[in-house]
Amino acid sequence: MIEAHTQIPPAGAETVVLRHFVDGACWEGTGTETQPVFNPATGQLIAHALRGTPADVDKAVAAAKAALPGWRQRTPKDRADALLRAAAMLEANAEELAHLESVNTGKPIPLAREDVAGTIDTLQFMAGAVRTQLSLSAGEYVAGHTSMIVREPVGVVAAITPWNYPLLTAAWKIAPILAVGNTCVLKPSDQTPLTALRTAELLAEVFPPGVLNVVTGAGSVVGEALATHPDVALVSVTGSVRSGQAVASAAATTLKRVHLELGGKAPVIVFADADLDAVAEGIRFAGFGNSGQDCGAACRILVEQSVHDELLKRLVLQVESLVVGDPADGDHIEMGPLVSKTHRDSVLGFLDRAIAEGARAATGGKAPEGDGYFVLPTVLVDLPDGAEATREEIFGPVVTVETFTDEDAVVEAANRTAYGLSASVWTEDARRAADLPGRLDFGTVWVNDHLAFATEMPWGGFKSSGYGRDLSTYALDDYSRTKHVMFNHARRADEREQT
Ligand code: NAD
């Protein structure tokens, strides 16, 4: 049964079917299939979402296309005002959004609150930044001709988002996409559609119909239809490498632009002179926050041999102090479950194979008893060179610890991965702190920190981690296009003869 009056399920109302949001209103769609949505901390069904169809995508793209002329011709100030009103609307509903995010993803409430705060900040930043955008130059580069460069929106943009930060990754796309004058069709992960749908519903009071649309459903259907749609100018994906490849190759059929924020496997390089307490605390936060389901997670520790034992001792103490449980138990919960049973089983598979390869769990290494899709926070040691767990993105509460004795060798080992999203270096040595970031092939390199973000600074990867930048004014560039306009103002021949 499709509920007509509400989009968001009250607790225990598992029969609620969440509808798409198209052209300023909730919409039943054209399909008949639905997808169950679970609370991963308990395994309980919390709602159903519609499995969108290509016809649903057609309708949403048509709405976005129809809204485009009105939205793009607004001044930057007008669009910025709307983004600021959107930020205020989300701020007024922040607790509801944080609880929805927590119940759908299993993330602790304080972390969900941070995601909402980051969402609001991104909207506010893009509102301000878009008003400061200037064209590069205006000048006479051909005699009698004045050239100017204008930036304009690309058109209808498709935004495809993952389940680990459903609201935040959507905001990192929606804010710059709308700020520069595009309209948007958002496809959230089929596992975590709650906050995207609720946000669109809340912002119906702020954005004109069609400016922001949400279609739920499978990547292989809704995502694919967006990536191949002739009226979509650009498709922006945050997700796994495999999905990025699928979207890039589908988008090639219409040669649309692609923006890819994909997976990561962040090395954490720890020199003997580092503050080991800070390292252990940093990994506690950056390796296990969001249950390690973070593309930038501090998951691959490379520690100088001479301090391996000391770091491991402090790290295990830190990790064993994490409070793991159902986020609904209260704000003291620091680590929740993994997002789904399938994903929990995938992480356990990595652990089994690592142990079979000769690794040992210094702590954790298994799922605890009880309901929900939990895995204990785990530190793997004694890994053979090139072990799968040190190469592949596990995307769970698992860090591996390897050792090194030589600076050049550790740089080489850190770069020996297909991913290029983020890395960190921990040292008190000024030369190394200045030198290593330039030698590491990652889009973000932290020194003596990990997973610290600034909305003003770009986020994005190299190599298999994709291309395109979220956050900062670079995102505004990514979602707009440059145009050269040239005015011929040379006087006519008869005018020249008169002088
Ligand atoms: P996923 O790739 O399974 O799904 C991401 C999105 O892509 C979903 O909405 C999915 O439905 C869609 N999708 C899947 N196949 C598609 C296809 N063929 N065509 C179009 N869309 C398709 O990723 P996930 O499991 O939801 O998220 C985890 C992954 O996301 C990890 O690899 C993680 O590293 C990555 N991630 C990256 C960043 C970043 O900023 N670089 C941020 C968060 C997550």
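Residues numbered from 1 in each chain as written. Predicted model: local features only at pLDDT ≥ 70, side-chain atom pairs only at ≥ 80, totals over all residues. Heavy atoms only, no water.

Here the UniProt feature "domain: Aldehyde dehydrogenase" (unreviewed entry) sits at residues 31-485. Across residues 31-485, helical content stands at 41% and strand content at 21%; the span's end C-alpha atoms are separated by 45 Å. (UniProt positions renumbered as here; feature names shortened; annotations may be inferred. Helix = DSSP H or I, 4+ residues; strand = E, 2+ residues; numbered from the N terminus.)

On to the sheet that holds strand β13 (residues 266-270). One open sheet holds the seven strands; their spatial order is β15-β16-β17-β14-β13-β19-β20, and the pairing between them is mixed. Edge positions in the sheet fall to β15 (360-363) and β20 (444-447), since each has one partner strand and no second. In this sheet, neighbouring strand axes are inclined to one another by 25° on average, regardless of whether the strands run parallel or antiparallel. Taken together, the three bridges between β15 and strand β16 (residues 378-381) define a ladder with antiparallel strand orientation. If you follow Arg-360 over to β16, its bridge partner there is Val-381. Across the face of the sheet, helix α13 (residues 407-415) comes into contact with β13, β14 (298-304) and β17 (398-404) while running at roughly 165° to β14. (Pairing = 2+ DSSP bridges. Axes fitted to C-alpha atoms, helices over the stretch in contact; angles between N-to-C directions. Contact = heavy atoms within 4.5 Å.)

This chain's UniProt record puts "active site" (unreviewed entry) on Glu-261. Structurally, Glu-261 can be placed in strand β12 (residues 257-261). The buried category is assigned to Glu-261, whose relative accessible area is 3%. Setting aside residues no more than four positions away along its own chain, Glu-261 makes contact with Val-237, Thr-238, Gly-239, Leu-421, Trp-459, Gly-460, Gly-461, Ser-465, Gly-468, Arg-469 and Asp-470. (Buried < 20%, exposed > 50% of the residue type's maximum accessible area, 1.4 Å probe, protein only.)

Both strand β6 (residues 138-142) and strand β7 (residues 145-153) contribute to a ladder of three bridges, which runs antiparallel. Looking at β7, one finds that Ala-138 is bridged to Met-148. Here β6 hands over to β7 after two residues, with Gly-144 in that stretch at a positive phi of 75°.

The next subject is the site of the ligand. The environment of the ligand is formed by 26 residues, the closest being Trp-163, Ser-240, Ser-243, Leu-262 and Glu-393. Within the side chain of Lys-187, one N or O atom sits 2.9 Å away from an oxygen atom of the ligand. Between the ligand and the protein, one listed contact pairs a nitrogen atom with a backbone N or O atom of Leu-262 at 2.7 Å. Within the complex, the protein chains bury 87% of what would otherwise be the 840 Å² of accessible surface of the ligand. Among the elements of the structure, α7 (219-228) and α8 (241-251) are those that each provide at least two residues to the shell around the ligand. Within the shell around the ligand, the residues separate by chemical class into eleven nonpolar, eleven polar and four charged. (Near = heavy atom within 4 Å. Polar contact = N/O pair within 3.5 Å; in protein donor to acceptor, adjacent residues only side chain to side chain. Areas by Shrake-Rupley, 256 points an atom, 1.4 Å probe, with all protein chains shown as cover. Nonpolar A, V, L, I, M, F, W, Y, C, P; charged D, E, K, R; others polar.)

It is worth spelling out empty space enclosed by the protein at this point. Taken as a whole and judged by the stated rule, the model has three cavities of 30 Å³ or more. Taken as a whole, the largest cavity holds about 110 Å³ of empty space. Lining of the largest cavity is provided by 14 residues; of these, Leu-167, Ala-171, Ile-174, Thr-199 and Leu-203 occupy positions nearest its centre. Looking at the lining of the largest cavity, the elements with two or more residues in it are α4 (109-130), α5 (166-179) and α6 (194-202). Residues that form the lining of the largest cavity fall into these classes: eleven nonpolar, three polar and no charged. Of the voids in this model, the second largest cavity is the one considered here, and its volume is about 80 Å³. In this structure, the second largest cavity is lined by Gly-264, Lys-265, Gly-292, Asp-294, Cys-295, Ala-297, Cys-299, Glu-393, Ile-394, Phe-395, Gly-396 and Val-398. Split into classes, the residues belonging to the lining of the second largest cavity amount to six nonpolar, three polar and three charged. (1 Å grid on protein atoms, 1.4 Å probe; cavity = no way out; pocket = protein on both sides within 12 Å on 5 of 7 lines; lining within 4 Å. Points joined across faces, edges and corners; volume = space filled by probe spheres on them.)

If pLDDT is low for a region, its predicted coordinates should not be looked at in detail. Counting all residues, the mean pLDDT for the protein is 96, and 97% of those residues have values of 70 or more. The model gives residues 1-6 a pLDDT under 50, and that stretch makes twelve contacts with residues more than four places away or in other chains. (pLDDT = per-residue confidence, 0-100.)

So, about helix α11 (residues 341-356). Across its 16 residues, α11 extends 22 Å between first and last C-alpha, which sits within 8% of the 22 Å expected from 1.5 Å per residue. In the core, the buried residues of α11 are packed alongside β16, α12 (388-391) and β17. Of the residues one or two after α11, Gly-358 is the one with positive phi, at around 115°. (Expected span 1.5 Å × (residues − 1).)

Before going further, it helps to examine the sheet that holds β6. Taken together, the three strands give an open sheet; going across it, the order is β6-β7-β22, and neighbouring strands pair in antiparallel fashion. The open sheet is flanked by β6 and β22 (480-488), the only strands paired with a single partner. Across the sheet, the axes of successive neighbouring strands diverge by a mean angle of 40°, strand direction being ignored.

Next up on the list: the packing of aromatic side chains. Applying the stated criterion to the full structure yields seven aromatic pairs. Look at Phe-271 and Phe-404: their rings are 5.3 Å apart centre to centre, the planes differ by 80°, and that puts the pair in the edge-to-face class. Taken together, the positions of Phe-271 in the loop between β13 and α9 (276-288) and Phe-404 in strand β17 put the pair 133 residues apart, joining distant regions of the chain. Judged by its relative accessible area of 1%, Phe-271 is buried. Judged by relative accessible area, which is 7%, Phe-404 ranks as buried. Feature note: the residues Trp-172, Trp-446, Phe-453 and Trp-459 constitute an aromatic cluster, connected by ring pairs. Taking the ring centre of Phe-350 as reference, the NZ or CZ of Arg-353 above it sits at 4.9 Å. (Phe/Tyr/Trp six-rings, centres within 6.5 Å; stacked < 30°, edge-to-face > 60°. Lys NZ or Arg CZ within 6 Å of the ring centre and 35° of its normal.)

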